[in-house]
Structure formats: C-alpha cells, structure tokens
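Listed here are the chains, written in short residue letters.
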Amino acid sequence: MSESVDESDARTPSQLEEEGDIAADYIEELLDIADLDGDIDIDARGGRAYLSVNSSEGTSNLGLLAKPDTVNALQELTRIAVQTKTGIFSRLILDVGGSREARAAELSVLVDTAIERLEAGAESAALPAMSSYERKLVHDVVSERGFVSESEGEGRDRHTVVTRR
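Cut-offs and rules
- Residues numbered from 1 in each chain as written.
- Predicted model: local features only at pLDDT ≥ 70, side-chain atom pairs only at ≥ 80, totals over all residues.
- Heavy atoms only, no water.
- Core = buried A, V, L, I, M, F, W, Y, C linked by side-chain atoms within 4.5 Å.
- Buried < 20%, exposed > 50% of the residue type's maximum accessible area, 1.4 Å probe, protein only.
- Helix = DSSP H or I, 4+ residues; strand = E, 2+ residues; numbered from the N terminus.
- Contact = heavy atoms within 4.5 Å.
- Pairing = 2+ DSSP bridges.
- Axes fitted to C-alpha atoms, helices over the stretch in contact; angles between N-to-C directions.
- Salt bridge = Lys/Arg side-chain N within 4 Å of Asp/Glu carboxyl O.
- Expected span 1.5 Å × (residues − 1).
- Parallel < 35°, antiparallel > 145°, perpendicular 65-115°, else oblique.
- Left-handed = near helix turned anticlockwise from the far one by under 90°.
- Nonpolar A, V, L, I, M, F, W, Y, C, P; charged D, E, K, R; others polar.
- pLDDT = per-residue confidence, 0-100.

Trainee: Just checking my understanding: could you explain the nonpolar core for this structure?
Mentor: Leu-31, Val-53, Leu-65, Leu-94 and Val-96 are the most contacted members of the largest nonpolar core, which totals 18 residues. Looking at this core, the elements with two or more residues in it are α1 (13-33), β2 (48-54), α2 (68-86) and β3 (93-96). The element that contributes the greatest number of residues to this core is α1, accounting for five residues. Excluding residues within four positions of it along the chain, Val-53 makes contact with Ile-27, Leu-31, Gly-38, Asp-39, Ile-40, Leu-62, Leu-94, Asp-95, Val-96 and Gly-97.

Here is the structure:
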C-alpha cells in the first residue's frame with residue numbers, strides 16, 4: 001500500500017521552484033562553511049522539489065556527506081530551513097553524491113530477500129524501519145514484483161511488511 005499525498009499538500013511549480021531555491025541557498029551555505037565543493041541541481045517531480053549535490057571533481061570530499069544517515073539528517077535540516085522561510089512543510093528530497101540511487105539499490109536487495117522468504121514459505125516478511133520516502137520506494141518495488149506491502153508501526157519504528165497478493 002503506497003502512502004499518498006493529500007491534495008491540500010499539492011504544490012504549484014512556482015512553489016516547488018521557491019522551495020528548491022531556498023534549499024539550494026541553505027545547502028550552498030552549508031557546503032561553504034564545511035569547505036566542501038559541490039554543484040547543486042534543482043528539479044521538481046511528483047509534487048516534490050529534488051536537490052542533487054554532486055562534485056565535478058574526482059577528488060572531492062563530498063563523499064563525507066553522502067552516507068544515508070547524514071543525507072537524511074541534512075534533508076530534515078533543509079526541510080526545516082525551507083519551512084522557516086515559507087511557513088509550509090516541505091517534502092523536498094536531497095541527494096548527495098548519488099546517495100539516493102545507492103540507497104534505492106540497497107532497498108531493492110532488501111525487497112528481493114523478503115520475497116525469497118515468502119517464496120520459502122513465510123507468510124510475511126518485515127523490513128527494517130525506514131523513512132517515508134524509502135518506504136514509498138519499497139512499496140513501488142514490491143508492487144512491480146507482484147507482491148503487496150503495507151507500512152506498520154509508528155514514528156521511528158515505522159517499517160514495511162511484504163506479503164503475497
């Protein structure tokens with residue numbers, strides 16, 4: 001079961017552009033303070049602003065920020081910065097050095113393992129707790145593979161459970 005966006009939360013393209021600009025300014029300032037080099041790309045898709053921070057240099061130390069927990073923490077801080085300026089909760093997604101693509105690949109492996117457990121006879125397979133964005137990615141992969149998933153639990157313990165159709 002996928003988590004959906006409330007229609008009242010839908011953003012116009014200009015609102016998403018504003019969120020992206022505010023977030024980019026915040027991240028650029030953070031990179032300057034940390035003396036890290038990075039190029040920032042802003043995109044809007046699926047009702048969210050997306051920021052990608054990458055380095056054109058092969059020897060950049062941007063990888064220091066690309067760890068999943070660090071990216072999630074920076075994303076939350078950036079969302080707060082955007083909310084402070086706009087007064088509206090932001091659902092923006094931050095990617096640092098390709099960390100989101102790498103995490104999506106890890107989640108795909110977790111789904112494969114869960115499906116293997118189901119095919120071996122388990123009634124269900126619970127995945128570890130993860131963010132709402134990661135759960136959304138998992139729901140999409142599970143659905144593509146012909147299985148069903150639901151989010152269970154509250155707060156930091158919220159996780160996905162995979163079952164057969």
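Once you've had a look at it, read on.
Trainee: Just to check I follow, could you spell out the sheet that holds β2 for this structure?
Mentor: Each strand in a sheet pairs with its neighbour through backbone hydrogen bonds, running either in the same direction (parallel) or in the opposite one (antiparallel). If you walk across this open sheet you meet the three strands as β1-β2-β3, and the pairing is mixed. Since the sheet does not close on itself, it has two edges, and those belong to β1 (39-45) and β3, each with one partner. Averaged over all pairs of adjacent strands, the angle between strand axes in this sheet comes to 15°, irrespective of strand direction. Sheet topology places β1 next to β2; seven bridges connect them, and they run antiparallel.

Trainee: When you look at the pattern of salt bridges in this model, what are you seeing that I'm missing?
Mentor: It is possible for side chains of opposite charge to pair when their charged atoms get near one another. In total, this model carries seven salt bridges according to the counting rule given. Salt-bridge contacts for Glu-106 lead to Arg-103; the nearest nitrogen and oxygen are separated by 3.0 Å. Here Glu-106 and its partner Arg-103 are both found in helix α3 (residues 99-119), three residues apart, which amounts to about one turn of the helix. Assessed through its relative accessible area of 39%, Glu-106 is described here as partly exposed.

Trainee: Explain α3 here, please?
Mentor: Structurally, the α-helix is built with 3.6 residues per turn, so residues lying three or four positions apart point the same way. If you check α3, its first and last C-alpha atoms are 30 Å apart, about what 21 residues at 1.5 Å a residue would give, namely 30 Å. Among the residues of α3, those classed as buried are Ser-99, Arg-100, Arg-103, Leu-107, Ser-108, Val-111, Ala-114, Ile-115 and Leu-118. Contacts from the buried residues of α3 go to α2, β3, β4 (124-129), α4 (132-144) and β6 (159-163). Note on α3: the residue one or two positions beyond its end, Gly-121, has a positive phi of about 115°.

Trainee: I'm lost on the packing of α1 against α2 in this one. Help?
Mentor: A pair of packed helices is characterised by two quantities: the angle between their axes and the separation of those axes. The N-to-C vectors of α1 and α2 enclose an angle of 125°; their axes lie 9 Å apart at closest approach. Looking at the two axes, α1 sits oblique to α2. For the pair α1 and α2, the crossing hand works out as right-handed. Together, Glu-18, Glu-19, Ile-22, Ala-23, Tyr-26, Ile-27 and Leu-30 of α1 and Leu-74, Leu-77, Thr-78, Ala-81, Val-82, Lys-85 and Thr-86 of α2 make up the contact between the two elements. Here the residues of the contact of α1 with α2 sort into nine nonpolar, two polar and three charged.

Trainee: Could you clarify how one ought to interpret unusual backbone geometry in this entry?
Mentor: Phi is positive for Asp-35, close to 55°, though the residue is something other than glycine. Secondary-structure assignment places Asp-35 in the loop between α1 and β1. Looking at Asp-35, the relative accessible area reads 63%, which means it is exposed.

Trainee: I would appreciate a short explanation of the confidence of the model for the protein in the present structure.
Mentor: Close inspection of predicted coordinates is inappropriate in any region flagged by low pLDDT. Scored by pLDDT, the protein comes out at a mean of 90, with 92% of its residues at no less than 70. With pLDDT under 50 throughout, residues 1-7 is counted as low confidence; its partners more than four residues away or in other chains account for twelve contacts.

Trainee: Could you clarify how one ought to interpret the packing of α3 against α4 in this entry?
Mentor: For the pair α3 and α4, interaxial distance at closest approach is 10 Å and the crossing angle is 50°. In terms of axis orientation, α3 runs oblique to α4. When the axes of α3 and α4 are compared, the crossing they make is right-handed. On the side of α3, the interface is formed by Arg-100, Arg-103, Ala-104, Leu-107, Ser-108 and Val-111, while α4 contributes Tyr-133, Glu-134, Leu-137, Val-138, Val-141 and Val-142.

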